[in-house]
2 protein chains.
Amino acid sequence: MHPDMKKLETTAKPTTRDLAREAGVSIATVDRVLNGRSGVRRQTIERVNKAVEELGFVRDISAANLARRRSYRFLFVLPAAPGQFQSELLNRIDEANKAFLSERVHVETVYVVENDAHAIASTLDDVDPEQTDGIAIMAPASPQVRDAIERLTRNGINVVSLISRQVNSDEAHFVGIDNVAAGRTAARLMGWFSQGRDGDILVVCDTMNSIDTLERRYGFDEIINADFSALRVLPSVECYSESDRTRVVLRNVIDRHPDVLGVYVAVSEAERVVPALADINTDKSLKIIAHERTPFTEAALEAGRISAVIAQNPGHVVRSALRVLRAWIDGRETIQSQEAIRIEILIAENL
Amino acid sequence: MHPDMKKLETTAKPTTRDLAREAGVSIATVDRVLNGRSGVRRQTIERVNKAVEELGFVRDISAANLARRRSYRFLFVLPAAPGQFQSELLNRIDEANKAFLSERVHVETVYVVENDAHAIASTLDDVDPEQTDGIAIMAPASPQVRDAIERLTRNGINVVSLISRQVNSDEAHFVGIDNVAAGRTAARLMGWFSQGRDGDILVVCDTMNSIDTLERRYGFDEIINADFSALRVLPSVECYSESDRTRVVLRNVIDRHPDVLGVYVAVSEAERVVPALADINTDKSLKIIAHERTPFTEAALEAGRISAVIAQNPGHVVRSALRVLRAWIDGRETIQSQEAIRIEILIAENL
DNA sequence: GCGTATTTGAGGTACGTACCTCATGTAAAG
DNA sequence: CTTTACATGAGGTACGTACCTCAAATACGC
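The rules behind the values
Residues numbered from 1 in each chain as written. Chains lettered and ligands numbered in written order. Predicted model: local features only at pLDDT ≥ 70, side-chain atom pairs only at ≥ 80, totals over all residues. Helix = DSSP H or I, 4+ residues; strand = E, 2+ residues; numbered from the N terminus. Rg over C-alpha atoms; globule rule 2.2 N^0.38 Å. Buried ≥ 20, exposed ≤ 12 C-beta atoms within 10 Å, placed from the backbone. Contact = placed C-beta atoms within 7 Å. Near = placed C-beta within 6 Å. Nonpolar A, V, L, I, M, F, W, Y, C, P; charged D, E, K, R; others polar. pLDDT = per-residue confidence, 0-100. Core = buried A, V, L, I, M, F, W, Y, C linked by C-beta atoms within 7 Å. Pairing = 2+ DSSP bridges. Axes fitted to C-alpha atoms, helices over the stretch in contact; angles between N-to-C directions. Least-squares fit on C-alpha atoms with pLDDT ≥ 70 in both. Expected span 1.5 Å × (residues − 1). Right-handed = clockwise from strand over helix to strand, strands pointing away. Parallel < 35°, antiparallel > 145°, perpendicular 65-115°, else oblique. Left-handed = near helix turned anticlockwise from the far one by under 90°.

Novice: Any chance you could break down the overall build of chain A for me, citing the residues and the numbers?
Specialist: In terms of regular secondary structure, chain A is built from 15 helices and 12 strands. Taken against the 2.2 N^0.38 rule, which gives 20 Å for 351 residues, the C-alpha radius of gyration of chain A at 26 Å runs more than 25% over that of a compact globule. With the C-alpha coordinates aligned to their principal axes, the bounding extent of chain A is approximately 85 × 55 × 35 Å. Taken across its 351 residues, chain A has 44% of its residues classed as buried.

Novice: Give a description of the environment of A:H257 that names residues and reports values.
Specialist: Residues and elements named next belong to chain A. Looking at the secondary structure, you find H257 in the loop between α11 (243-256) and β9 (260-265). For H257, a count of 14 C-beta atoms within 10 Å gives the class partly exposed. Here the alpha-carbon distance between H257 and I201, two residues 56 residues apart in the chain, equals 9.5 Å. Those residues within four positions of H257 in sequence are excluded, and the remaining contacts are D200 and L234.

Novice: Residues and numbers for the protein's contact with DNA strand D, please.
Specialist: Surrounding DNA strand D, one finds 24 residues, the nearest of these being A:T29, A:T44, B:T15, B:A64 and B:A67. Ranked by residue count, the leading element in the surface near DNA strand D is helix α5 (residues 61-68) of chain B, at 5 residues. Within the surface near DNA strand D, the residues separate by chemical class into 11 nonpolar, 7 polar and 6 charged.

Novice: Pulling in residues and values, what's your account of the confidence of the model for chain A?
Specialist: Confidence along chain A averages 90 in pLDDT terms, with 95% of residues attaining 70 or more. Overall, residues 1-10 of chain A carries pLDDT values under 50, and its contacts beyond four positions in sequence, including any with other chains, amount to 12 contacts.

Novice: So, the nonpolar core: which residues are in play, and what are the values?
Specialist: If you look at the biggest cluster of nonpolar residues, it comprises 98 residues, and the most contacted ones within it are A:V204, A:V265, B:V204 and B:V265. Sequence-distant contacts of B:V204, that is, excluding residues within four places in its chain, are made with B:V237, B:C239, B:V263, B:V265, B:A266, B:V267 and B:V273. Grouped together as the second largest cluster of nonpolar side chains are 41 residues, B:V145, B:V160, B:I163 and B:L325 included.

Novice: Account for the protein's contact with DNA strand C, with residues named and values stated.
Specialist: Around DNA strand C, a shell composed of 24 residues is seen, among which A:T15, A:A64, A:A67, B:S26 and B:T44 lie nearest. If you list the elements that add at least two residues to the surface near DNA strand C, you get α3 (27-34) and α5 (61-68) of chain A together with α3 (27-34) and α5 of chain B. Of the residues forming the surface near DNA strand C, the biggest block, 5 residues, is contributed by α5(A). Among the residues making up the surface near DNA strand C, the classes are represented as 11 nonpolar, 7 polar and 6 charged.

Novice: Can you lay out the interface of chain A and chain B for me, pointing to particular residues and giving the numbers?
Specialist: Listed per partner, the contact involves 49 residues of chain A and 49 residues of chain B. Counting residues per element, the side of chain A that touches chain B draws most heavily on helix α9 (residues 179-194) of chain A, which supplies 6 residues. A class-by-class count of the residues in the side of chain A that touches chain B yields 19 nonpolar, 13 polar and 17 charged.

Novice: Before we move on, can you summarise the sheet that holds strand β2 (residues 105-112) of chain A with the specific residues and values?
Specialist: Residue and element names in this part refer to chain A. Reading across from one edge, β2-β1-β3-β4-β5 is the order of the 5 strands in this open sheet, with parallel pairing throughout. Each edge of the open sheet carries a strand with a single partner, namely β2 and β5 (173-175). On average, adjacent strands in this sheet sit at an angle of 25 degrees to one another, irrespective of strand direction. Pairing between strand β3 (residues 134-137) and strand β4 (residues 158-162): 4 bridges, direction parallel. From the neighbouring strand, I137 faces β4, where its bridge partner is S161.

Novice: Report on the relation of the copies chain A and chain B, specifying residues and quantitative values.
Specialist: Aligned on chain B, chain A shows an RMSD of 0.2 Å; the corresponding rotation is 180 degrees and the shift along the axis is 0.1 Å. Both copies of the chain, as the preceding transformation shows, are related through a two-fold rotation axis. A shared interface surface links the copies, since 100% of the contact residues of chain A are contact residues in chain B too.

Novice: Residue-level account of helix α9 (residues 179-194) of chain B, with values.
Specialist: All names here are of chain B. Here α9 spans 22 Å end to end across 16 residues, near enough to the 22 Å set by a 1.5 Å rise per residue. Within α9, 12 of the 16 residues are buried, which leaves it mostly tucked inside the rest of the structure. Just beyond α9, the residue with positive phi is Q195, at close to 55 degrees.

Novice: Tell me what's going on with the sheet that holds strand β1 (residues 72-79) of chain B, and back it up with residues and numbers.
Specialist: Through backbone hydrogen bonds, the strands of a sheet pair up, either in parallel or in antiparallel fashion. Residue and element names in this part refer to chain B. Taken together, the 5 strands give an open sheet; going across it, the order is β2-β1-β3-β4-β5, and neighbouring strands pair in parallel fashion. The open sheet is flanked by β2 (105-112) and β5 (173-175), the only strands paired with a single partner. Strand after strand, the sheet turns through a mean of 25 degrees between neighbouring axes, direction not considered. Seen against the sheet, helix α7 (residues 117-125) touches β1 and β2 and runs at an angle of roughly 150 degrees to β2.

Novice: Provide a residue-level description of the pairing of strand β1 (residues 72-79) of chain A, including the pertinent values.
Specialist: Residues and elements named next belong to chain A. Within β1, 6 of the 8 residues are buried, which leaves the element mostly enclosed by the surrounding structure. As defined by bridge partners, β1 adjoins β2 across 8 bridges and the pair is classed as parallel. Bridge pairing in β2 places Y72 opposite V105. Crossover connection from β1 via helix α6 (residues 84-100) to parallel β2: handedness right-handed.

Novice: Before we move on, can you summarise the packing of α6(A) against helix α14 (residues 314-330) of chain A with the specific residues and values?
Specialist: All names here are of chain A. Between α6 and α14, the shortest axis-to-axis distance is 8 Å and the interhelical angle comes to 45 degrees. By the angle class used here, α6 and α14 are oblique. The element α6 and its partner α14 pack so that their crossing is right-handed. Where α6 approaches α14, its residues F85, E88, L89, R92, I93, A96 and F100 are matched on the opposing element by P314, G315, V318, R319 and L322.

Novice: Outline unusual backbone geometry, supporting the account with residue identities and numerical values.
Specialist: Positioned with a positive phi, B:R69 is a non-glycine residue whose angle comes to about 60 degrees. Looking at the secondary structure, you find B:R69 in the loop between α5 and β1.

Novice: I'd love a proper account of the environment of B:A187, names of residues and values included.
Specialist: Residues and elements named next belong to chain B. Assignment of secondary structure puts A187 in helix α9. Counting along the chain gives 26 residues from A187 to T213, while the straight-line C-alpha distance between them is 14 Å. The residues touching A187, leaving out its near neighbours within four places in the chain, are G219, F220, I223 and I224.

Novice: Describe the environment of A:L55, with residues and values.
Specialist: The topology assignment puts A:L55 in helix α4 (residues 42-55). Not counting residues within four places of it along the chain, the set of residues in contact with A:L55 comprises A:P14, A:D18, A:L19 and A:E22.

Novice: Could you give an account of the pairing of strand β11 (residues 308-311) of chain A, naming the residues involved and the relevant values?
Specialist: Two faces make up the sheet, and in a regular strand the side chains alternate between them. Residues and elements named next belong to chain A. Of the two faces of β11, the one holding A308 and I310 and the one holding V309 and A311 are both buried throughout. Where strand β10 (residues 287-291) and β11 come together, 3 bridges link them in parallel fashion. Within β11, the residue paired with H291 across the bridge is I310. You can see the chain leave β10, run along helix α13 (residues 295-303) and come back into β11, and the turn it takes is right-handed. With 3 bridges joining them, β11 and strand β12 (residues 344-346) adopt antiparallel strand pairing. In the sheet register, A311 faces β12, and the bridge partner there is E344.

Below, the structure written as structure tokens:
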């Protein structure tokens, strides 16, 4: 056996009792210091803190939460959109809710109309600070939502934004990928796919009003212009989440630009856009890059209908949001590297 | 506010007390049933279980662990190799040890000589079941280690294998990537990089005795042969973790094969192999794919000296191992999707 | 119907922390 | 030197679960 192991047995984890003995004060005083209650001399506070250092005391969060009768009540605010990525996200929330039940974490979900910033803001305003400890919101960035988040924060409710960053809101931690970098990544792949040929590249988005889409497009152009000058990126095709419109618009663009080599589907509803592309481009020579791992994109990758997918792990996003909110409440640090959401490159081989 | 929220307030999480009332038995009996103690009639057991179902009782693990005085003492067994990936892994273990301290998880690390299966096995045999609750081992697959793992399991110590799968050991859960798929992924990328040209591809490994390397090579060949017939994969270059040897062998091979287009560095010590390649291939036309994210590979990606990296997240690996071990001890389920280690494709744009 | 074995209940203590009250100590202000 | 404010100690209860003991109730064999 390795020599250090004995320590585990003899040196048990120090408790508040040990702290009191070490600092030469009573347990009550230790408690006052640890929980920042008033009525302790500066000098005594320092004695206790020194004991904490020396014994390496770490508060037992389980016991503390038990004593406090604390449970974590979190609320996910999600757009009521029907896409596969949405439902994937929902499944992960359900999953997390079940898994964290034994750790006193309760998760609920409420839906909002995606395009109505005022409605979203008023939903947020209606949240009762007495009954909610934290909120994870996925909604397009807007001043109304940003302000509502600020009000929540002032009321003591922690907020993180999911997938879509709420700009200018330093209050809200962001859980999601860097969309500019995602666009750059897509561009690099598209460049490789083009094999040095010249031609046009199509970028499909819902609406250019979405900051996420703008950022992706920005990153995409950046790399294509810098490193793949043989490629021209056409103006973004906006399809406003409507299947019929998508079909018509795509056909128009591709008819007018026979040199289209590849398509970057910069929105998450690949299941709506890609089939439309397949109908138009029957010879399957188009290189398609889409976003998000869903049953549709998985199948399409395996069938070779999509060449690559840029994804963020929805389970990771959900759990990260919960961990960040919880750490915030506990006054703990998070593990930085754990909370960074990776820009995943998925191909048929690494699914 | 959404309508469900009130429930949180009124319907508190049921406790053993509630269970007892619901089942019409005493708390002591509930306790006997929940903890599988003897001396309860079958009929009574069922009454209690029914109450568990109906109330949706979930045991509060924090409180239970507190009462049991349970702490989780885990041991990482790592090869004493000096590579950057190793030290990355170590950092993550340290990090996890600190972060999980407040959840009564203690992690220690012990080093073994990588190539001495007997020594590793005897290290495992020396572990005291009284003082260790679980082991995560990273070591080349070998019958000796596999048998030692089986002995540990019989003694009630749960074991997971990290990075390298211990074959034929169904006892030990594996935390790491599918190496065949990793090889396939590398091959697909290499194919894209080759842009349809024909030429030779070099595969660099430590030794062909390593199952991990064999699997990567197998997957690599599979895709190259199937989809990129213009490329020929040369016999693997073995460099036995020695810098001098690496340099000599690589120079020999590249001198003899001027058509080498790309190199797949199938081992984790890219920091040893890639600089050697750079010395030889001064015109920088070689496309290099390496394994594992390390300070070296990050810098090399950004500088364009490496085109892509196939990686597994060491922090994720460490935490997943700990979660799996803990769930095992608690008799809980793990979240499947959380414990799958992804084969990450890293390029300069998605770092 | 008796004795014995099994099943159940009642009640306690403990885990490590939070939070409360009340008594007592000490220092500063008058 | 007293008054007052503040600082600290001592001791308790609680959280939800585990685990223990002992007594009481019930079932079972004969």
